[in-house]
Amino acid sequence: MQFARAAFSSRDTAVISPQDPTLLIGSSLQATCSVHGDPPGATAEGLYWTLNGRRLPPELSRVLNTSTLALALANLNGSRQQSGDNLVCHARDGSILAGSCLYVGLPPEKPFNISCWSKNMKDLTCRWTPGAHGETFLHTNYSLKYKLRWYGQDNTCEEYHTVGPHSCHIPKDLALFTPYEIWVEATNRLGSARSDVLTLDILDVVTTDPPPDVHVSRVGGLEDQLSVRWVSPPALKDFLFQAKYQIRYRVEDSVDWKVVDDVSNQTSCRLAGLKPGTVYFVQVRCNPFGIYGSKKAGIWSEWSHPTAASTPRSERPGPGGGACEPRGGEPSSGPVRRELKQFLGWLKKHAYCSNLSFRLYDQWRAWMQKSHKTRNQDEGILSSGRRGTARGKVLPDKL
Amino acid sequence: MLACLCTVLWHLPAVPALNRTGDLGPGPSIQKTYDLTRYLEHQLRSLAGTYLNYLGPPFNEPDFNPPRLGAETLPRATVDLEVWRSLNDKLRLTQNYEAYSHLLCYLRGLNRQAATAELRRSLAHFCTSLQGLLGSIAGVMAALGYPLPQPLPGTEPAWTPGPAHSDFLQKMDDFWLLKELQTWLWRSAKDFNRLKKKMQPPAAAVTLHLGAHGF
């Protein structure tokens with residue numbers, strides 16, 4: 001070890017050629033390790049190669065002359081790490097004489113699938129997919145470029161990795177009413193590639209914040225309804241647009257969301273047909289539809305933080321609905337349900353076949369629904385004010 | 001050859017000396033500095049692991065011991081035991097301060113364009129913590145009334161365009177930088193522990209008396 005250390009001053013005693021080459025996957029490499037200087041015993045005899053810490057088989061090496069050891073590598077694999085494969089020439093005692101980093105990989109492929117969105121028309125965030133899933137084995141630099149369509153020079157985005165590894169954020173100085181041309185350039189040691197150009201108008205890709213202040217509350221004593229209220233996102237309040245909203249809700253232990261679509265320009269909604277005595281999680285999101293008179297939809301915001309609320313208790317299960325209840329809806333069968341509940345409770349205590357009674361009741365309900373439907377088909381009447389528009393409501397409104 | 005442009009570090013604003021007649025004295029800042037070295041040691045372990053994996057084998061192998069080439073300009077933590085024990089407080093602190101100033105400078109210069117964004121972030125975070133340690137040492141020195149080391153004219157570390165540095169040589173430099181950082185943090189913990197013991201309020205006059213002669 002002392003020998004190896006003493007051999008080093010500011011000049012190397014061995015040199016590998018080529019130094020830090022870049023190669024295509026599958027290509028071959030001829031390398032040499034030349035020992036110079038005058039330390040005793042430093043000849044090409046006894047020298048050996050390692051690649052990434054592993055000793056290379058001796059048949060790949062060849063002594064060219066007294067001071068040079070050659071190496072022949074064929075069909076190279078992609079570099080093990082992006083900092084380059086470590087090819088090292090060792091003295092007989094194992095000490096390192098010289099090293100060279102090999103960069104073996106592929107040129108980048110065309111990036112594609114660029115998608116962008118603007119938060120409140122103030123910025124632009126773009127995402128893309130690297131070509132060939134990005135595996136080039138070499139460090140590949142991605143650069144998002146943009147320019148105004150009919151004039152202006154190329155600009156380069158500077159804030160990368162904002163929403164994932166292949167993303168960039170342009171925080172300011174964005175113009176409206178003129179389309180932007182956007183593309184991604186990928187470069188590495190072996191070459192470069194450019195994506196197709198995406199043309200877009202900032203106004204067409206606007207998104208906003210989720211609605212703040214989402215409140216979910218019970219509707220009086222109604223067991224199957226909850227009222228959702230929210231505030232229109234303030235960031236866009238000065239711009240003319242019609243907000244569209246979507247509400248989704250699920251039962252506490254479930255992963256299935258039910259979605260209420262097409263909630264236009266209102267800031268409250270009543271969910272109906274819910275299960276009594278159940279905790280629901282509710283979220284709302286907003287779409288800034290038709291900004292500045294554009295006929296297009298914008299981009300949906302993130303969902304608001306989940307708000308939880310529970311429906312009042314009841315023994316009767318109820319199926320879920322999918323639309324907002326009309327505001328003036330009357331409570332459905334409130335007193336009837338209560339009485340039924342009491343009756344069933346009494347039955348349970350006093351009847352010999354209490355289980356049977358619940359099953360019987362369900363059967364009776366189903367029968368009532370069927371006959372109710374037939375009745376309506378015959379009569380073609382919808383009793384006003386009593387019928388909800390929710391799908392799947394099975395309770396008849398009249399006994 | 002590692003070279004560095006670091007004039008900014010040498011012009012840290014002078015930290016006003018703490019009131020030495022206060023109740024606490026320099027004790028708490030010494031303790032804080034000690035704690036910082038332990039924290040940095042912990043941070044470095046994870047950073048070095050990731051960085052060496054990035055450099056690839058054999059750099060991340062446990063017994064790896066390459067020749068120290070350009071790493072000669074790195075401040076060396078290793079020192080003879082008797083020399084270390086006999087350092088006076090001012091010299092002890094000054095050596096620590098100067099070492100970390102240089103090390104921070106070299107760390108900042110790590111031009112690892114190819115490293116992952118995550119690795120670059122970890123490096124930046126570590127540099128910030130190291131800057132904190134420097135500030136802490138400066139605070140202790142000010143509390144004890146020692147001046148911050150200023151570079152002598154002409155010896156300021158300045159960038160000199162060295163011979164074209166091959167990538168492999170750069171990797172070796174990086175390896176030694178991390179190693180030296182590690183050694184310094186181990187040593188500093190002992191330095192500040194020693195200072196802490198010296199600054200402790202006299203528990204018993206006898207003990208202190210012995211201590212003054214015995215170390």
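Below: a short report on this structure. Here the residue index of a chain counts from 1 through its sequence in written order. Chains and ligands are labelled sequentially in the order written, the chains with letters from A and the ligands with numbers from 1. Reporting in this predicted model follows two pLDDT cut-offs: at least 70 for local features of residues, and 80 or more for side-chain atom pairs to be given and counted; totals over whole chains, interfaces and linings ignore these cut-offs and use all residues. Side-chain figures throughout are based on the complete set of non-hydrogen atoms in the structure, without hydrogens or water.

1. Overview of the overall build of chain A
Here is step 1 of the chain: Helices and strands together make up the secondary structure of chain A, namely 3 helices and 26 strands.
Here is step 2 of the chain: Buried means the residue's accessible area, taken with a 1.4 Å probe over protein chains only, is under 20% of the maximum for its type, while exposed means over 50%, and partly exposed covers the values in between. Taken across its 399 residues, chain A has 44% of its residues classed as buried.
Here is step 3 of the chain: Here a residue-residue contact requires only that any non-hydrogen atoms of the pair lie within 4.5 Å. Restricting to contacts in chain A with at least 6 residues of sequence separation, those with at least 24 account for 65%.
Here is step 4 of the chain: Throughout, the Shrake-Rupley method with a 1.4 Å probe supplies accessible areas, and for residues the shown protein chains are the sole cover considered. In the form shown here, chain A has an accessible surface area of approximately 21,900 Å², with 52% of it arising from carbon and sulfur atoms. Think of it this way: any DSSP run of H or I at least four residues long counts as a helix, any run of E at least two long counts as a strand, and we number them from the N terminus.

2. Notes on the pattern of salt bridges
Here is step 1 of the chain: For this document, the term salt bridge refers to a Lys or Arg side-chain nitrogen within 4 Å of an Asp or Glu carboxyl oxygen. Within the structure shown, the criterion is met by 13 salt bridges over all chains.
Here is step 2 of the chain: When the shortest N-O distance is used, the salt bridge between Arg85 of chain B and Glu82 of chain B registers 3.4 Å. On the criterion of helical spacing, the pair formed by Arg85 of chain B and Glu82 of chain B is a turn pair, its members being 3 residues apart in helix 3 (residues 81–85).
Here is step 3 of the chain: Residue classification places Glu82 of chain B among the partly exposed positions, given a relative accessible area of 48%.
Here is step 4 of the chain: Residues Asp191 of chain B and Arg187 of chain B are paired through a salt bridge, measuring 3.1 Å at the closest nitrogen-oxygen approach. On the criterion of helical spacing, the pair formed by Asp191 of chain B and Arg187 of chain B is a turn pair, its members being 4 residues apart in helix 6 (residues 167–199).
Here is step 5 of the chain: Residue Asp191 of chain B is classed as buried on the basis of its relative accessible area of 0%.
Here is step 6 of the chain: In the salt-bridge network here, residues are joined through shared partners; they are Lys145, Glu185 and Arg194 of chain A.

3. Brief notes about a nonpolar patch on the surface
Here is step 1 of the chain: Patch definition: residues above 30% relative accessible area lacking any salt bridge, with like charges linked at up to 9 Å and the nonpolar side chains Val, Leu, Ile, Met, Phe, Trp and Tyr linked at up to 5 Å. Taken together, the side chains of Leu24, Ile25 and Leu106 of chain A make up a nonpolar region of the molecular surface, amounting to roughly 220 Å² of accessible area.
Here is step 2 of the chain: Relative to the elements of secondary structure, Leu24 of chain A occurs in strand 2 (residues 22–24).

4. Focus: the packing of aromatic side chains
What describes a pair of aromatic rings is the distance from one ring centre to the other and the angle between the planes of the rings.
Here is step 1 of the chain: Any two rings among Phe, Tyr and Trp, with Trp reduced to its six-membered ring, count as a pair given centres within 6.5 Å; such a pair is stacked if its planes are under 30 degrees apart, edge-to-face if over 60, and tilted if neither. Counted by the stated rule, this structure contains 12 aromatic pairs over all chains.
Here is step 2 of the chain: Members of the aromatic cluster, each reached through a chain of ring pairs, are Phe59, Phe64, Phe168, Phe175 and Trp176 of chain B.
Here is step 3 of the chain: Throughout this description, the term charge over a ring refers to an Arg CZ or Lys NZ atom that lies within 6 Å of the ring centre and within 35 degrees of the ring normal. Lying over the aromatic face of Tyr103 of chain A, Arg189 of chain A brings its terminal NZ or CZ to 3.5 Å of the ring centre.
Here is step 4 of the chain: We note Arg68 of chain B situated over the ring of Trp176 of chain B; from NZ or CZ to the ring centre the distance is 4.6 Å.

5. Concerning the interface of chain B and chain A
Here is step 1 of the chain: Counting residues at the interface gives 21 residues for chain B, matched by 24 residues for chain A.
Here is step 2 of the chain: Interface area for chain B against chain A, summed over the two sides, is near 1,700 Å², with a carbon-plus-sulfur share of 58%.
Here is step 3 of the chain: Two parts placed together each lose some accessible area under a 1.4 Å probe, and adding up what both lose gives the buried area. When the buried surface of chain B facing chain A is broken down by residue, Pro57, Asp167 and Phe168 of chain B rank first, second and third, together holding 31% of it.
Here is step 4 of the chain: The tally of links from chain B across to chain A stands at 1 salt bridge.

6. Some thoughts on the pairing of strand 23 (residues 258–264) of chain A
Residue and element names in this part refer to chain A.
Here is step 1 of the chain: In this scheme, strands are said to pair when DSSP sees at least two bridges between them. As defined by bridge partners, strand 22 (residues 242–251) adjoins strand 23 across 5 bridges and the pair is classed as antiparallel. Paired with Lys244 across the strands is Ser264, a residue of strand 23.
Here is step 2 of the chain: Adjacent in sequence and paired antiparallel, strand 22 and strand 23 are bridged by 6 residues.

7. Thoughts on the packing of helix 4 (residues 89–108) of chain B against helix 6 of chain B
Residues and elements named next belong to chain B.
Here is step 1 of the chain: Lines fitted to C-alpha atoms define the axes, with helix axes restricted to the stretch in contact, and inter-axis angles between N-to-C directions lie between 0 and 180 degrees. Taken N-terminus to C-terminus, the directions of helix 4 and helix 6 make an angle of 155°; their axes are 11 Å apart at the nearest point. In terms of orientation, helix 4 lies roughly antiparallel with respect to helix 6. Between helix 4 and helix 6 lies a crossing of left-handed hand. Facing helix 4, whose interface residues are Asp89, Arg92, Leu93, Gln95, Asn96, Ala99, Tyr100, Leu103, Tyr106 and Leu107, helix 6 presents Leu177, Leu181, Trp184, Leu185, Arg187, Ser188, Asp191, Phe192, Arg194, Leu195, Lys198 and Met199.
Here is step 2 of the chain: All residues other than Ala, Val, Leu, Ile, Met, Phe, Trp, Tyr, Cys, Pro, Asp, Glu, Lys and Arg, Gly among them, are scored as polar; the first ten of these are nonpolar and the last four charged. Counted by class, the contact of helix 4 with helix 6 contains 13 nonpolar, 3 polar and 6 charged residues. Each angle is binned into one of four classes, with values under 35 degrees roughly parallel, values over 145 roughly antiparallel, values of 65 to 115 roughly perpendicular, and all other values oblique. Whether a crossing is left-handed or right-handed is set by the direction in which the near helix is turned from the far one by less than a right angle, anticlockwise for left-handed and clockwise for right-handed.

8. Considerations on the sheet that holds strand 9 (residues 96–105) of chain A
Residue and element names in this part refer to chain A.
Here is step 1 of the chain: Across the sheet, 5 strands lie side by side as 2-9-8-4-5; this open sheet has mixed pairing. Bordering the open sheet on either side are strand 2 and strand 5 (54–55), each of which pairs with just one other strand.
Here is step 2 of the chain: Judged from the 3 bridges that link them, strand 2 and strand 9 form a sheet pairing that is parallel. Bridging from a neighbouring strand, Thr22 pairs with Tyr103 of strand 9.

None of the figures reported here should be taken as evidence of function without further support.
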